[in-house]
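Chain by chain, the residues run as shown.
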Amino acid sequence: MLTAIPSTRCLGHYSSPLGPLRLLWQTRPGEHTVVEGLYFEDHHPIPREVRERLQSSAPTHLPSPVADWLESYFESPIPAESMDLKLSGTDFQRRVWAQLTKIPLGQTRTYGDLARILGGIHLARAVGAAVARNPVSILVPCHRVRGSDGSLTGFAGGMERKRFLLRHEGVFA
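Note that the structure is predicted; figures quoted are calculated from it, not measured. (Residues numbered from 1 in each chain as written. Predicted model: local features only at pLDDT ≥ 70, side-chain atom pairs only at ≥ 80, totals over all residues. Heavy atoms only, no water.)

*Asks:* Any chance you could explain the packing of helix α4 (residues 111–118) against helix α5 (residues 124–132) here in plain terms?
*Replies:* A pair of packed helices is captured by two measures, namely the crossing angle of their axes and the spacing between those axes. Interaxial distance between α4 and α5 falls to 8 Å at its minimum, and their mutual angle equals 110°. Considering the angle they form, α4 stands roughly perpendicular to α5. For the pair formed by α4 and α5, the contact residues are Y111, L114, A115 and L118 on the first element and A124, V127, G128 and V131 on the second. When grouped by side-chain class, the residues that make up the contact of α4 with α5 number 7 nonpolar, 1 polar and no charged. (Axes fitted to C-alpha atoms, helices over the stretch in contact; angles between N-to-C directions. Helix = DSSP H or I, 4+ residues; strand = E, 2+ residues; numbered from the N terminus. Parallel < 35°, antiparallel > 145°, perpendicular 65-115°, else oblique. Contact = heavy atoms within 4.5 Å. Nonpolar A, V, L, I, M, F, W, Y, C, P; charged D, E, K, R; others polar.)

*Asks:* Hey, could you run me through the side chain of Q26 in this one?
*Replies:* Relative to the assigned elements, Q26 resides in strand β2 (residues 19–27). Residue class for Q26 comes out buried when judged on its relative accessible area of 12%. A distance of 2.4 Å separates polar atoms of two side chains, one belonging to Q26 and the other to E36. (Buried < 20%, exposed > 50% of the residue type's maximum accessible area, 1.4 Å probe, protein only. Polar contact = N/O pair within 3.5 Å; in protein donor to acceptor, adjacent residues only side chain to side chain.)

*Asks:* Help me understand the pattern of salt bridges in this model?
*Replies:* If the charged atoms of two oppositely charged side chains come close together, the side chains can form a pair. Here the structure, examined in full by the defined rule, presents 5 salt bridges. Where R116 meets D113, a salt bridge forms, and the shortest distance between an N and an O atom there is 3.2 Å. You can see R116 and its partner D113 sitting in helix α4, 3 residues apart, about one turn around the helix. On the accessibility criterion, D113 (26% relative accessible area) is partly exposed. (Salt bridge = Lys/Arg side-chain N within 4 Å of Asp/Glu carboxyl O.)

*Asks:* Help me understand the packing of helix α2 (residues 64–75) against helix α6 (residues 159–168) in this model?
*Replies:* Where α2 contacts α6, the axes come no closer than 10 Å and their chain directions differ by 75°. Viewed along their axes, α2 and α6 adopt a mutual orientation that is roughly perpendicular. Residues Y73, F74 and E75 of α2 form the contact with α6, whose participating residues are F164, L165 and H168.

In structure tokens form, the structure reads like this:
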């Protein structure tokens, strides 16, 4: 008989140059941390269940690997290692998010570029919807996506944060 190992879901805050970040993560006894969400203070859209948890939970200290990754990223946009993530979404959303992780630092792609990779330009709107629902901004770099004409388009953390992140990563925006 298999016994489930209980995990602990935690909420923490991080003071970044972009304002407070709220992080959700899971830990299991004797295991590493798995990040489930990273949200800006005024993040939009934010899933209802996440919003309720953020409003009702007292923050705890971030685990060292998460805090270290964020410190490293904001010092230099090339963090030492990637974070372990648990992304909840549809199969298509997870495919889109996987493509976002393949956009190199200092580069951008358009929604159309991603749609073509995922099956055809007709998927551009669906790609846009999936990008907008990325649960871990910065860690999965949805800020590296532009409109078809190269313009900056919506970002759940706001356009000023998107510009900051792109400049920080060496993209003139």
